[in-house]
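Here are the chains, one letter per residue:
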Amino acid sequence: MGIHDRKEKEKEIRRNDIIDAAERIFFTKGYDHATMDDVAKEAEFSKRTVYVYFNSKEQIYFEIMTRGYKLLIAMLKTDAPKENANHAIAELEQMSLTLYRFSMEHPEYFSAIMEYENGELDFQKGVPVQSQEECYALGEELLGHLTGALEKGIAEGIIRGELDVVQTALVLWACMIGVFNIAKKKEKYIKNYHRTEPEELLSAAFQLIIRSIQTESGGSLR
């Protein structure tokens, strides 16, 4: 390995060390309460060194979301039914189950993505375009899993053919994000006042959403 390659590798290691430190800070203190001083202290670097690699904590947040999206997409690929093994609705249901598993196994990444989905971090000034675009590209890849399943369902005749698949995918994502937020943040309330477990609420929401896009000949949902 040449001197240049070794220096680049050292930079990448240091960059990842800063992101790791930021994760620990953001996940414990919360993004809004965390500062670049906190990140620098946790990473055991000077604040000036941190700013060499990242312009702002917003940029680091995009890097953390990128990690979360990559992890979620990998889980979706692992959990996906084998080709032709199930129809599109089963595929959509598996996606919702994977999202739930992701929320349980990686709650910090899930919360980071939820905060982003419900926040106003898009196209922030001062955040390098590359950091934002990588995150957006992964978001579009995630949306592509939904649009692919919807297109499959239309071809199978079990999802209404007049639907715009991109708009429908965006609505499905927004609906499930909202339900997941309620299921996690109001879990105790829902259990105590409505005797409903989060899993039951998620299942009911999925059934309701699917019925709104399913054809009359789409078959029954379990």
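Our structure is the block above this text.
Residues numbered from 1 in each chain as written. Predicted model: local features only at pLDDT ≥ 70, side-chain atom pairs only at ≥ 80, totals over all residues. Heavy atoms only, no water.

Engineer: Give me the packing of aromatic side chains: which residues, what numbers.
Structural biologist: By the definition in use, this model includes nine aromatic pairs. On the numbers, 6.5 Å between centres and 65 degrees between planes, the contact of phenylalanine 102 with phenylalanine 110 is edge-to-face. Phenylalanine 110 carries the same exposure label as phenylalanine 102, and that label is buried. Judged by centre distance (5.9 Å) and plane angle (55 degrees), the ring pair of phenylalanine 110 and phenylalanine 180 falls under tilted. Taken together, the positions of phenylalanine 110 in helix H6 (residues 107-117) and phenylalanine 180 in helix H8 (residues 165-185) put the pair 70 residues apart, joining distant regions of the chain. In this pair, the class of phenylalanine 110 matches that of phenylalanine 180, namely buried. (Phe/Tyr/Trp six-rings, centres within 6.5 Å; stacked < 30°, edge-to-face > 60°. Buried < 20%, exposed > 50% of the residue type's maximum accessible area, 1.4 Å probe, protein only. Helix = DSSP H or I, 4+ residues; strand = E, 2+ residues; numbered from the N terminus.)

Engineer: Report on the side chain of threonine 147, specifying residues and quantitative values.
Structural biologist: Residue placement: threonine 147 occurs in helix H7 (residues 129-156). Each residue touching threonine 147, except ones within four places of it in the same chain, is listed here: Val165, Val166 and Ala169. (Contact = heavy atoms within 4.5 Å.)

Engineer: Help me get a handle on unusual backbone geometry, residues and values and all.
Structural biologist: You will see that glutamate 44, though not glycine, has its phi angle at about 60 degrees, which is positive. Mapped onto the elements, glutamate 44 comes out in the loop between helix H2 (36-43) and helix H3 (47-53). One non-glycine residue, arginine 195, lies in the positive phi region at around 50 degrees. Its relative accessible area of 66% is what places arginine 195 among the exposed residues.

Engineer: How would you summarise the layout of surface pockets if you had to cite specific residues and measurements?
Structural biologist: Taken as a whole, the second largest pocket encloses approximately 250 Å³ of empty space. For the lining of the second largest pocket, the elements supplying multiple residues, two or more each, are helix H1 (3-29), helix H4 (57-79) and H7. The class makeup of the residues in the lining of the second largest pocket is three nonpolar, five polar and six charged. (1 Å grid on protein atoms, 1.4 Å probe; cavity = no way out; pocket = protein on both sides within 12 Å on 5 of 7 lines; lining within 4 Å. Points joined across faces, edges and corners; volume = space filled by probe spheres on them. Nonpolar A, V, L, I, M, F, W, Y, C, P; charged D, E, K, R; others polar.)

Engineer: Please provide a residue-by-residue account of H8, values included.
Structural biologist: An α-helical segment advances 3.6 residues per turn. Residues three or four places apart therefore align on the same side. Taking 1.5 Å of rise per residue, the 21 residues of H8 would be expected to cover 30 Å, and the 30 Å separating its terminal C-alpha atoms lies within 8% of that figure. One side-chain oxygen of the residue at the start of H8 lies 3.0 Å from the amide nitrogen of valine 166, identifying that residue as aspartate 164. (Expected span 1.5 Å × (residues − 1). Polar contact = N/O pair within 3.5 Å; in protein donor to acceptor, adjacent residues only side chain to side chain.)

Engineer: Pulling in residues and values, what's your account of the nonpolar core?
Structural biologist: One broad trend across soluble globular proteins is that nonpolar side chains are buried collectively. Of all hydrophobic cores here, the largest spans 61 residues; its most connected members are Phe26, Ile60, Leu92 and Leu150. No other element matches the 10 residues that H4 contributes to this core. In this view, leucine 92 contacts Leu146, Ala149, Leu150, Ile159, Phe206 and Ile210; residues no more than four positions away in its chain are not counted. (Core = buried A, V, L, I, M, F, W, Y, C linked by side-chain atoms within 4.5 Å.)

Engineer: Go over H2, please, and point to the residues and values.
Structural biologist: Considered for burial, the residues of H2 that qualify are Met36, Asp38, Val39, Ala40 and Ala43. Looking one or two residues beyond H2, the residue adopting positive phi is glutamate 44, at roughly 60 degrees.

Engineer: Please give an account of the environment of cysteine 175 that cites residues and values.
Structural biologist: In this structure, cysteine 175 sits in helix H8. Sequence separation between cysteine 175 and phenylalanine 206 is 31 residues; the distance between their C-alpha atoms is 9.2 Å.

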